[in-house]
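Coordinates in review
The residues making up each chain are set out below.
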Amino acid sequence: MPGGRLTHQDRQHIAAGLVEELGYAEIARQLGRPTSTISREVARNGGPDGYRADQAHQATGRRARRRKQAPTQELPAAVEIYGRDPDATRGFVEQFAALMVQTGLPRMAARVLACLVTTDSGALTAAELVQHLWVSPASVSKAIGYLEGLSLVRRERDPRRRERYIIDDDVWLRTWMTSSRTNAMWADAAEQGAAIYGAGTPAGARLNHMGQFFARLGEDMAGGPTEAAIDDSRTVLAALVHAGEALTVDQLAIALGWPPNRVTNALHDAERRPDITDPVALQRAEPDAYTFTARPDRLTTRQREALRACPAAE
């Protein structure tokens, strides 16, 4: 009945609603239940794509039996001190975990991470995680190993020599920087591929576009190039325009009075970020020499053909 525990018939109605792609709010309205009840039910039983009424009903029975055998401790001190609603906090943890699953995180790893994030101490032992999540120690261990690989959690020993799993306040910054480095790796690989296939070929052009995209994304995540770095890239382009011929890194370094690594960094930024040097772009004349060219995307095919057809000035 509405307000009580979900029945097998209720769960069959939820499963049918998910098949029809109804929203949680609509399913809840039809059953006369709060939307949070439906979202929690689906989140803890496989998510929208994996929800099965029979399996959900059986799993709920198993969880109820485990709770009677070994009651969980949902942070009673925190509930008492902060006046939190235990049902609301449990529901949020499950919804939060379901959101992370949708982004690609394995379900158990998502549940463990959600549990750690919403714990005031930011640290729990394996036994505490087993109690909170009603899962086996092996499941917790596997999830922690996965999260450690992403640098999202770390381990330490408490005074009683128990191993605790901790989530730090700067974990999101580390994750952000890891993503930035990953994007830079994608950019480097794509640039190498563009050089191998040839920038003028369809595959090479696609790889070149891919490299520029990930380079821009990675640099934006890392804060982007500094004004000084942008200025160096433009100075190098100005030197090539003034010289009117291809120059090597050593030649540019001597002419500009810069260390070679400064020239290399400026050329690297100019290659990765053609918007810095717009409307011209850096071009490799030889493996070790550079020149410049007009950005191809600045002119249409018709405009380029018309320019080539223009008579030379006398």
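Anyway, here's the lowdown on the structure attached to this text. (Residues numbered from 1 in each chain as written. Predicted model: local features only at pLDDT ≥ 70, side-chain atom pairs only at ≥ 80, totals over all residues. Heavy atoms only, no water.)

Regarding the packing of aromatic side chains
- Counted by the stated rule, this structure contains three aromatic pairs.
- The interplanar angle of 20° and the centroid separation of 5.7 Å between the aromatic rings of W186 and F214 together place this pair among those described as stacked. Separated by 28 residues along the polypeptide, W186 in helix α11 (residues 171–197) and F214 in helix α12 (residues 202–221) bring together distant segments of the chain.
- With a relative accessible area of 44%, W186 lands in the partly exposed category.
- Judged by centre distance (5.2 Å) and plane angle (80°), the rings of F213 and F214 are edge-to-face.
- Here a set of aromatic residues connected by ring pairs shows up, and it is made of W186, F213 and F214.
- Over the ring of W258 we find R262, and its NZ or CZ is 3.9 Å from the ring centre. (Phe/Tyr/Trp six-rings, centres within 6.5 Å; stacked < 30°, edge-to-face > 60°. Helix = DSSP H or I, 4+ residues; strand = E, 2+ residues; numbered from the N terminus. Buried < 20%, exposed > 50% of the residue type's maximum accessible area, 1.4 Å probe, protein only. Lys NZ or Arg CZ within 6 Å of the ring centre and 35° of its normal.)

Comments concerning the nonpolar core
- Judged by nonpolar contacts, the single largest core of 24 residues is most densely connected at V112, L113, L116, L129, I144 and L147.
- Among the secondary structure elements, those contributing two or more residues to this core are α7 (86–102), α8 (107–117), α9 (126–133) and α10 (137–149).
- No other element matches α8, which puts seven residues into this core.
- With residues up to four places along the chain from it excluded, the contact list for L129 reads V112, C115, L124, W134, V140, I144 and Y165.
- Judged by nonpolar contacts, the second largest core, of 15 residues, contains V236, L237, L247 and V249. (Core = buried A, V, L, I, M, F, W, Y, C linked by side-chain atoms within 4.5 Å. Contact = heavy atoms within 4.5 Å.)

Here's the deal with the pairing of strand β5 (residues 280–286)
- The pairing of β5 with strand β6 (residues 289–294) spans six bridges and is classified as antiparallel. Bridge pairing links E286 to A289 in β6.
- Counting the residues that bridge the hairpin from β5 to β6 gives two residues. (Pairing = 2+ DSSP bridges.)

What to know about the packing of α9 against α10
- In contact at an axis separation of 9 Å, α9 and α10 are set at 110° when each is read in the N-to-C sense. Compared by their axis directions, α9 and α10 come out roughly perpendicular. Here α9 runs over α10; the crossing is right-handed. Of α10, the residues touching α9 (which contributes A126, L129 and V130) are P137, V140 and I144. (Axes fitted to C-alpha atoms, helices over the stretch in contact; angles between N-to-C directions. Parallel < 35°, antiparallel > 145°, perpendicular 65-115°, else oblique. Left-handed = near helix turned anticlockwise from the far one by under 90°.)

Observations concerning the sheet that holds β5
- The strand order across the open sheet formed by three strands is β4-β6-β5, and the pairing between neighbours is antiparallel. With one partner strand each, in any of the chains shown, β4 (247–248) and β5 form the two edges of the open sheet.
- Pairing of β4 with β6 involves two bridges; the strand directions are antiparallel. What sits directly across from T248, in β6, is A289.
- Helix-sheet contacts for helix α15 (residues 260–272) involve β5 and β6, and the interaxial angle to β5 is about 115°.

A few points about α7
- With 17 residues, α7 extends 25 Å between its outermost C-alpha atoms, agreeing within 8% with the 24 Å of an ideal straight helix rising 1.5 Å per residue.
- The first or second residue beyond α7 is G104, which carries a positive phi of 115°. (Expected span 1.5 Å × (residues − 1).)

Considering the pattern of salt bridges
- For the structure on display, the rule yields nine salt bridges.
- Here E41 and R11 are joined by a salt bridge, their closest N and O atoms 2.8 Å apart. Of this pair, E41 sits in helix α3 (residues 35–43) while R11 sits in helix α1 (residues 8–19), and the two are 30 residues apart along the sequence. The exposure classification of E41 matches that of R11, with both residues buried. (Salt bridge = Lys/Arg side-chain N within 4 Å of Asp/Glu carboxyl O.)

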